[in-house]
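Below, each chain spelled out in residue letters.
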Amino acid sequence: MKKLILVTSPPACGKTFVSKQLAKGLKHVVYLDKDTLICLSKQIFVVAGEEYNRSSDFFEANIRDYEYEAIVALAMEAIEYEDIVLINAPFTREIRDLDYMNQLKEKLAEKNASLVVIWVETSVEVCKQRMIERNSDRDTWKLEHWDEYIAKCNFTIPTSLDNPNVVDDLLIFHNSSEEEYQESMNRIVGIIERGCSNRS
């Protein structure tokens, strides 16, 4: 069966690195990164005369959901042509919205595909350090208002997505140390490859 993989977590948990390494470790993969759309989003801020702040009310009202709509639409097209499509994006609200997730699963079922959510679990302290090190303008407001920002982040694993009868619906990628990373990478690549080899 084909797979749509969502690699998710709060920002700076290591999603991008993990996503790219997973894509390299798997076979027949299309890799999509929601951050690729940021160049378009930045232009919306410019045209609207708004400060570039991806934590602002303006971003929430006019940009956020459309970025997700666009990246999922690209994935749905891509899965027609390849076995695995992997999206690197936080999906912070979507993965806790069971209606959204069920609708996505139904659309995938029509394409003989299933949904895999990989939650990248990283400590808050490690996340802050990684955000400082990556030195991106999208993090400026977050670091300057760290307590306010982190209070809005949900680091709890979205266990409501886990069906005990399904091996690969929710996979946890532990990523606070090199040892955790290596164990998680080997384990998860193995699970996904077995799932794809059992094509119906």
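For the structure itself, look to the data block above.
This write-up is about the structure you can find in this document. (Residues numbered from 1 in each chain as written. Predicted model: local features only at pLDDT ≥ 70, side-chain atom pairs only at ≥ 80, totals over all residues. Heavy atoms only, no water.)

Moving on, we get to the state of the cysteines. Under the criterion given, the structure shown has 0 disulfides. With no disulfide partner, Cys13 has as its closest neighbouring cysteine sulfur the one in Cys127, 3.2 Å distant. (Disulfide = S-S within 2.5 Å.)

Our next topic: the sheet that holds strand E1 (residues 2–8). Across the sheet, which stays open at both edges, the 5 strands sit in the order E2-E3-E1-E4-E5 with parallel pairing between neighbours. Looking at strand neighbours, the two that pair on one side only are strand E2 (29–33) and strand E5 (170–174), the edges of this open sheet. If you compare each strand with its neighbour and ignore which way they point, the axes differ by 20° on average. Where E2 lies against strand E3 (residues 84–88), 5 bridges are found, and the strand directions are parallel. Its bridge partner lying in E3, Leu32 is registered against Ile87. (Pairing = 2+ DSSP bridges. Helix = DSSP H or I, 4+ residues; strand = E, 2+ residues; numbered from the N terminus. Axes fitted to C-alpha atoms, helices over the stretch in contact; angles between N-to-C directions.)

What follows deals with the pattern of salt bridges. In total, this model carries 13 salt bridges according to the counting rule given. Arg64 serves as the salt-bridge partner of Asp65, at 2.9 Å between the closest nitrogen and oxygen. Across the salt bridge formed by Lys142 and Asp139, the nearest N and O atoms sit 3.7 Å from each other. Classification of Lys142 by relative accessible area gives buried; the value is 9%. Of the residues examined, Asp139 reaches a relative accessible area of 0% and is grouped as buried. Because the salt bridges share partners, they merge into one network encompassing Lys34, Arg54 and Glu67. (Salt bridge = Lys/Arg side-chain N within 4 Å of Asp/Glu carboxyl O. Buried < 20%, exposed > 50% of the residue type's maximum accessible area, 1.4 Å probe, protein only.)

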